[in-house]
Amino acid sequence: MARTVAAGTITQALINTQANASRTPYIAVTINAVDYSSRVEYVEHHEESYRERAIIGLQNRDGSLDTINLKGKPFKLGYGYDTTANGGSATDHVDTAPLWVKSYQIVSSPGERIYQIYAEGAWMRMREQKVMTGVSGSQPYYDNIFNGTHTPYGLLALIIETAMGWNLVDTPPN
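Summarised in this report is the structure supplied together with it. Keep in mind it's a predicted model, so treat the numbers as computed, not measured. (Residues numbered from 1 in each chain as written. Predicted model: local features only at pLDDT ≥ 70, side-chain atom pairs only at ≥ 80, totals over all residues. Heavy atoms only, no water.)

1. Section: unusual backbone geometry
Note: most residues except glycine have negative phi, and most peptide bonds are trans.
Stage number 1. Located in the positive-phi region is Asn-32, a residue other than glycine, with phi close to 55°.
Stage number 2. Accessibility expressed as a relative area gives 47% for Asn-32, which makes it partly exposed.
Stage number 3. Of note in this structure, Tyr-50 is not a glycine but carries a positive phi near 60°.
Stage number 4. With respect to the helices and strands, Tyr-50 occurs in the loop between strand 3 (40–46) and strand 4 (53–59). (Buried < 20%, exposed > 50% of the residue type's maximum accessible area, 1.4 Å probe, protein only. Helix = DSSP H or I, 4+ residues; strand = E, 2+ residues; numbered from the N terminus.)

2. Structural notes on the packing of aromatic side chains
Stage number 1. Enumeration over the complete set of coordinates arrives at three aromatic pairs.
Stage number 2. Ring centres of Tyr-50 and Trp-123 lie 5.2 Å apart, and the angle between their planes is 75°; on these two criteria the pair is classed as edge-to-face. With a gap of 73 residues between them, Tyr-50 in the loop between strand 3 and strand 4 and Trp-123 in helix 2 (residues 122–126) connect regions that are remote in the sequence.
Stage number 3. Using a relative accessible area of 56% as the deciding quantity, one classes Tyr-50 as exposed. (Phe/Tyr/Trp six-rings, centres within 6.5 Å; stacked < 30°, edge-to-face > 60°.)

3. A closer look at the pattern of salt bridges
A side chain of one charge can pair with a side chain of the opposite charge when the charged atoms of the two come close.
Stage number 1. Evaluated as defined, the whole model comprises six salt bridges.
Stage number 2. The salt bridge involving Arg-61 is made with Glu-112; its shortest N-O contact spans 2.9 Å. With Arg-61 in the loop between strand 4 and strand 5 (74–81) and Glu-112 in strand 8 (residues 112–121), this pair connects stretches of sequence that are 51 residues apart.
Stage number 3. Taking relative accessible area as the criterion, Glu-112 reaches 27% and is therefore assigned partly exposed. (Salt bridge = Lys/Arg side-chain N within 4 Å of Asp/Glu carboxyl O.)

4. Observations concerning the pairing of strand 6 (residues 92–95)
Stage number 1. The two faces of strand 6 differ: Asp-92 and Val-94 on one face are buried, but His-93 and Asp-95 on the other face are not.
Stage number 2. Note: strand 5 against strand 6, four bridges, orientation antiparallel. Opposite Gly-80, over in strand 6, you have His-93 as the bridge partner. (Pairing = 2+ DSSP bridges.)

5. Some remarks on the nonpolar core
Stage number 1. Counting residues in each nonpolar core, the largest one holds 16 residues, and the members touching the most others are Ile-31, Phe-75, Leu-77 and Ile-117.
Stage number 2. Counting residues per element, the ones that place at least two in this core are strand 1 (25–31), strand 4, strand 5, strand 7 (99–109) and strand 8.
Stage number 3. Once residues lying within four places of it in the same chain are set aside, the contact partners of Phe-75 are Thr-30, Ile-31, Ile-56, Ala-97, Pro-98, Leu-99, Trp-100, Val-101 and Ala-119. (Core = buried A, V, L, I, M, F, W, Y, C linked by side-chain atoms within 4.5 Å. Contact = heavy atoms within 4.5 Å.)

Structure follows, in structure tokens:
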């Protein structure tokens, strides 16, 4: 998969390596500040508008991941190459949009043990949030805010920032 320059996030060494016929791919997986890249067995990642998702299999033959609960943890996948032949580091990559671990399971077969993660992107995660009006109580319930005092953008910002805990940044088009 070839990535292109996006807001200066790709190195020249990675651009040069993408053009080489012989290159070694690299997939970065860091969840909760732990690098699982060396354990990656497979990745099925879909980047679609409003529907990002991934299934990631991590090698777990030693059973060291059996007790780890990654549910709800945010992370990014990074795709790249070994760029040492072009003056880069051995693990040059570009991160994708953030994903959140929705569920995980241990999958086993003779001689194999996989920690399989199902992850979803921001829009998939947000669509499952419940927002109710006219009910008093704790978040994500809102009281007396849908009375014409907010614009649609203001309502969206309220939901995203309060219910999801994210920051909505208003970036005008170029």
